[in-house]
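In case you want the letters, here they are:
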Amino acid sequence: MYTTRQGECWDEAAKEVYGNEKYVGYLMQSNLPFLDTMVFSAGTELNTPELPAEETDIPPWRKQA
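Residues numbered from 1 in each chain as written. Predicted model: local features only at pLDDT ≥ 70, side-chain atom pairs only at ≥ 80, totals over all residues. Heavy atoms only, no water.

Enquirer: Before we move on, can you summarise the side chain of Asn31 with the specific residues and values?
Expert: Residue placement: Asn31 occurs in the loop between helix H2 (24-29) and strand E2 (45-46). A polar contact is formed between the side chain of Asn31 and the backbone nitrogen of Asn47, at a distance of 2.6 Å. Setting aside anything within four residues of it in sequence, one finds Asn31 in contact with Trp10, Leu46 and Asn47. (Helix = DSSP H or I, 4+ residues; strand = E, 2+ residues; numbered from the N terminus. Polar contact = N/O pair within 3.5 Å; in protein donor to acceptor, adjacent residues only side chain to side chain. Contact = heavy atoms within 4.5 Å.)

Enquirer: With reference to specific residues and values, describe helix H1 (residues 10-18).
Expert: When we look at burial in H1, the residues that qualify are Trp10, Ala13, Ala14 and Tyr18. Across the axial projection of H1, the buried residues extend over an arc of 100°, all falling on one side. The elements touched by buried residues of H1 are strand E1 (2-3), H2 and E2. One or two positions beyond H1, positive phi appears at Gly19, with a value near 85°. (Buried < 20%, exposed > 50% of the residue type's maximum accessible area, 1.4 Å probe, protein only. Arc of directions from axis to C-beta.)

Enquirer: Quick rundown of the pattern of salt bridges? Include the residues and the values.
Expert: Counting across every chain of the model gives 2 salt bridges. Across the salt bridge formed by Glu8 and Arg5, the nearest N and O atoms sit 3.5 Å from each other. Given the relative accessible area of 2%, Glu8 is considered buried. Residues Lys15 and Glu21 are paired through a salt bridge, measuring 3.8 Å at the closest nitrogen-oxygen approach. For Lys15, a relative accessible area of 46% puts it in the partly exposed group. (Salt bridge = Lys/Arg side-chain N within 4 Å of Asp/Glu carboxyl O.)

Enquirer: Mind laying out the packing of aromatic side chains, listing which residues take part and the relevant values?
Expert: Summed over the entire model, instances satisfying the criterion amount to 4 aromatic pairs. Where Tyr18 meets Tyr26, the ring centres are 5.9 Å apart and the plane angle is 70°; that geometry is what we call edge-to-face. In terms of burial, Tyr18 and Tyr26 fall into one category: buried. With centroids separated by 6.5 Å and ring planes inclined at 70°, the aromatic side chains of Phe34 and Phe40 adopt a geometry described as edge-to-face. Residue Phe34 is classed as partly exposed on the basis of its relative accessible area, which comes to 27%. Chaining the aromatic ring pairs together yields one cluster made of Trp10, Phe34 and Phe40. (Phe/Tyr/Trp six-rings, centres within 6.5 Å; stacked < 30°, edge-to-face > 60°.)

Enquirer: Provide a residue-level description of the nonpolar core, including the pertinent values.
Expert: One recurring pattern in soluble globular proteins is that nonpolar side chains are buried together. Ranked by size, the top nonpolar core spans 11 residues in total: Tyr2, Trp10, Ala13, Ala14, Tyr18, Tyr23, Tyr26, Leu27, Phe40, Leu46 and Leu51. Counting residues per element, the ones that place at least two in this core are H1 and H2. (Core = buried A, V, L, I, M, F, W, Y, C linked by side-chain atoms within 4.5 Å.)

Read these as geometric descriptors, not functional statements.
Take a look at the structure:
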């Protein structure tokens with residue numbers, strides 16, 4: 001669970017939670033009720049599941065088929 005700060009956007013939250021803005025889509029997919037929110041109020045609680053194995057920064061040649 002992640003609690004947003006006043007004025008925080010999706011990409012900022014993704015960077016705080018997952019260490020990179022590129023996971024913003026995964027964060028949004030995990031929080032469908034908030035999709036219409038562009039800028040969060042303070043205290044919004046977002047669901048923050050672990051990234052699936054294929055979403056990590058493993059180079060393609062190291063991934064198992």
